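Spelled out from the first residue to the last, the chains are:
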Amino acid sequence: MFAAIPQTFVLQIGLVAVAVAAALSLYHKSHGATHFMVPPTVTLEAGFGAERLSSSKAALVLRFILRCVHRLFFLHHEAILDVPHIEKMLSKNRDIFDVGAMTLTLLQRVFGCDFAGKEHARLLAMRARLTKLVARDALNESTVIAALNRASIGSKVSSLITFSDDPGLRQPWERLDDVRILEPTETGRLAELDLKSLLNGLIPCISIPLQYGAGFLGRNPSLLEDLNCFETQATVWLWMGLPTWFPLPSFRRGVAARDRVRKALESVFRYLQSPSDPTKGGGYGGDADVSDAILERLHVFEELSIPLDAIGQIEFALNWAEYENTRKILFWFIFYIYSVPGLLETLRHEVSASGAIALSDLETRSSDPGTTEHDSRDITSLDIATLTRECPLLKSSFFETARLMMETLMFRQIVNHDIVMDDGVHRHELRPGSWVTISNSWTRMDPELYPEPHSFIPERFIKKTTTAEGHVHTTANIRRLRPWGVGPSMCKGHTFAEKEILAIAACIVTLWDIEPVGGEWKRPESKQGISPTLAPVGRVRVVMKRREKW
Ligand code: HEM
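Here the structure is a predicted model, which is why all the values come from computation and not from measurement.

Definitions and limits used
Residues numbered from 1 in each chain as written. Predicted model: local features only at pLDDT ≥ 70, side-chain atom pairs only at ≥ 80, totals over all residues. Helix = DSSP H or I, 4+ residues; strand = E, 2+ residues; numbered from the N terminus. Rg over C-alpha atoms; globule rule 2.2 N^0.38 Å. Buried ≥ 20, exposed ≤ 12 C-beta atoms within 10 Å, placed from the backbone. Contact = placed C-beta atoms within 7 Å. Near = placed C-beta within 6 Å. Nonpolar A, V, L, I, M, F, W, Y, C, P; charged D, E, K, R; others polar. Pairing = 2+ DSSP bridges. Expected span 1.5 Å × (residues − 1). Bend = angle between axes of the 7 residues up to and from the residue. Axes fitted to C-alpha atoms, helices over the stretch in contact; angles between N-to-C directions. Parallel < 35°, antiparallel > 145°, perpendicular 65-115°, else oblique. Left-handed = near helix turned anticlockwise from the far one by under 90°. UniProt positions renumbered as here; feature names shortened; annotations may be inferred.

*Asks:* Lay out the overall build of the protein with the relevant residues and their values.
*Replies:* Helices and strands together make up the secondary structure of the protein, namely 19 helices and 18 strands. Computed over the C-alpha atoms, the radius of gyration of the protein is 24 Å, within 12% of the 24 Å expected from 2.2 N^0.38 for a compact globule of 550 residues. For the protein, the spread of C-alpha atoms along the principal axes amounts to about 80 × 65 × 50 Å. Per-residue burial for the protein yields a buried fraction of 43% across its 550 residues. Considering only intrachain contacts with a sequence separation of at least 6, the fraction spanning at least 24 residues in the protein is 75%.

*Asks:* An account of the site of the ligand is requested, with residue identities and associated values reported.
*Replies:* Around the ligand lies a shell of 26 residues, among which Asn325, Gly485, Cys491, Gly493 and Ala497 are the nearest. Among the elements of the structure, helix H6 (120-138), helix H15 (308-339) and helix H19 (494-511) are those that each provide at least two residues to the shell around the ligand. For the shell around the ligand, the leading source of residues is H15, giving 5 residues. Residues that form the shell around the ligand fall into these classes: 15 nonpolar, 9 polar and 2 charged.

*Asks:* Can you break down the sheet that holds strand E18 (residues 541-546) residue by residue, with the values?
*Replies:* Taking strand neighbours across the sheet as the criterion, the 4 strands line up as E3-E4-E18-E15 in an open arrangement whose pairing is antiparallel. Only two strands of the sheet have a single partner each, and these edge strands are strand E3 (180-181) and strand E15 (512-516).

*Asks:* Quick one: what's the story with the pairing of strand E13 (residues 462-466), residue by residue and with numbers?
*Replies:* With 0 of its 5 residues buried, E13 lies for the most part at the surface. Across 5 bridges, the pairing between E13 and strand E14 (residues 472-476) is antiparallel. Pairing of Thr466 across the sheet is with Val472, part of E14. The turn joining E13 and E14, which pair antiparallel and follow one another in sequence, is formed by 5 residues; a positive phi near 90° is taken by Gly470.

*Asks:* Outline the environment of Asp137, supporting the account with residue identities and numerical values.
*Replies:* Relative to the assigned elements, Asp137 resides in helix H6. As a C-alpha pair, Asp137 and Lys492 span 355 residues in sequence and 8.9 Å in three-dimensional space. With residues near it in sequence (within four places) discarded, Asp137 still touches Thr143, Ala147 and Ala293.

*Asks:* Just give me the short version of H15, but keep the residues and values in it.
*Replies:* Look at H15: 46 Å from first C-alpha to last across 32 residues, which is about the 46 Å you get at 1.5 Å a residue. At Trp320, H15 shows its maximal kink, close to 30°. Burial runs high along H15: 26 of the 32 residues are buried.

*Asks:* Go over H19 with me, naming the residues and quoting the values.
*Replies:* Over its 18 residues, H19 runs 26 Å from end to end, which matches the ideal 26 Å to within 8%, given 1.5 Å per residue. Taken across its 18 residues, H19 has 17 buried, putting it largely inside the fold.

*Asks:* Tell me what's going on with the packing of helix H11 (residues 223-233) against helix H13 (residues 249-273), and back it up with residues and numbers.
*Replies:* Two elements in contact, H11 and H13, have axes whose closest approach is 8 Å; the angle formed by their N-to-C orientations is 135°. Put simply, H11 runs oblique to H13. Read as a crossing pair, H11 and H13 show a hand that is left-handed. Contacts from Leu223, Asp226, Leu227, Cys229, Phe230 and Gln233 in H11 reach Ser250, Phe251, Arg253, Gly254, Ala257, Arg258, Arg260, Val261 and Ala264 in H13. Split into classes, the residues belonging to the contact of H11 with H13 amount to 8 nonpolar, 3 polar and 4 charged.

*Asks:* Quick one: what's the story with the UniProt feature "binding site: heme" (unreviewed entry) in the protein, residue by residue and with numbers?
*Replies:* Look at the UniProt record and you will see "binding site: heme" (unreviewed entry) annotated at Cys491. Checked against the element boundaries, Cys491 lands in the loop between E14 and H19. C-beta crowding within 10 Å serves as the criterion here: with 22 such atoms nearby, Cys491 is assigned to the buried category. Not counting residues within four places of it along the chain, the set of residues in contact with Cys491 comprises Trp484 and Gly485.

*Asks:* Quick one: what's the story with the environment of Val300, residue by residue and with numbers?
*Replies:* With respect to the helices, strands and loops of the structure, Val300 is situated in helix H14 (residues 292-303). A residue is classified by how many C-beta atoms lie within 10 Å of it, and Val300, with 17 of them, is partly exposed. Residues Val300 and Ile206 lie 94 residues apart in sequence; the distance between their C-alpha atoms is 25 Å. With residues near it in sequence (within four places) discarded, Val300 still touches Met126, Arg129 and Leu130.

*Asks:* Kindly report on the sheet that holds strand E9 (residues 409-414), identifying the contributing residues and their values.
*Replies:* Taken in spatial order, the 4 strands line up as E1-E12-E9-E2 in an open sheet, and their pairing is mixed. Strand pairing shows two members of the sheet lacking a second neighbour, strand E1 (77-81) and strand E2 (97-98), which therefore form its edges. Along the sheet face, helix H2 (residues 40-47) touches E1, E9 and strand E12 (435-439) and points at about 25° away from the line of E1.

Structure (structure tokens):
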């Protein structure tokens, strides 16, 4: 990463970042940060994880200075590669590698939970119970397939991308973008838009009403803009420990957006706690259509006497874990599918041949009498089990997108015992209190594991096996790629995320033609935030057209 940028510039920026992180570490220490909060200098050094083996002078100097700062603060942090035996080590020593500190730091700094005076053990118990509930619903293959089938993804994708020229019929995600209808028809099926805005909005538009009720987005019309504003303006600064009063206007806007989302979520729980009391309903009617998962979480919050404002913050954090990576990686996945020569047609053929998607018969849609007529089809059913089993190239392309666009960092704190970790390059002696970050940034680009590592090779993860009867069986195998983290604290929603993304992508591929404005696909720049998936920078203007008569 650093190699492409002038070294003196990297050094100057890096030195400012080290000074800010050190000042923030001191600030938090003097404001009573407990030993379980991740120090800002550690988060900064973790961000340099990708440069661990770099011989660039700027990277070496910055790492040296950070290590001196850590010695001065009596801190110890090591960045480690995700080589195979590290995974075994984390699983075998689950009492030594603690993830609780990272989660509580995220909840406090980024989502604003005030943990002052709260019992640490109670907070950890809450974390464990909520994580278990998510894992129960989002890890098991058949539970996830049933949930996604109930979500009717196929018809949602059809109905959420309508491009109506009637402002009253616009979809919530269209508020994020300047959608230009190019050929106004009754169904508004040809439009110019920013692909990122569409895909950023689509996932929350599908998942949020399923959880908090069909009317939630309508009652909170600025929600999608607030999610974006919080993500782009505030999350990195908050994670670095910047206090919320810091007078940087864009940062303050991000924090205000966060607080509006928190309040919106809090109001659902306020209502659920006293559904018969109209004064507590947050000014709206009922939310009887919240999901069972929300009711179960309410039960946990009540049992552990978590106050309402903290419930809003924790709910926001859980939602963020669910949608933020998913929507970013969906963008990159769709971008690669449509921009890699030949891939779209091959995937269309694969999805169609799998029989996973059923379509309505050709339907003639016409706008005003005398204007253009369109023959188009809608998705009537989507069989997610078949899709994920019978479409290996779709799955392999998704893994390849994850390899290129997910920079996973895992934070752990060492507790209870000393331990030695050897990642094949260095031997690290760690003691209770030491911080460890495990990064996949080196291995995912290792040319020995992935030849031509910077190229997008759709079939890279395809595996062919021949059965005893001589049949060739083709599957997609994720092999050593670890986008979801490793060990006992790895992502608790990865089965859900993977299937949701494959399902949405298959529907888009089936229904839409997408072409870049200007005629040539240009991959946008990307930047690192606090979630593993790299964020696309800027807009990607495209023309989307409903497929006709195929
Ligand atoms: C593309 C989408 C996603 C990516 C790339 C992703 C990635 C990750 C990563 C890297 C971690 C940290 C793992 C570690 O420290 O070892 C994590 C944790 C977590 N993720 Fe995801 N995630 C995604 C989607 C989801 C979804 C859809 C859900 C919920 C339905 C979810 C729920 C969680 C939870 C609850 C944790 C905390 C696990 C724990 O501390 O034990 N994630 N995720």
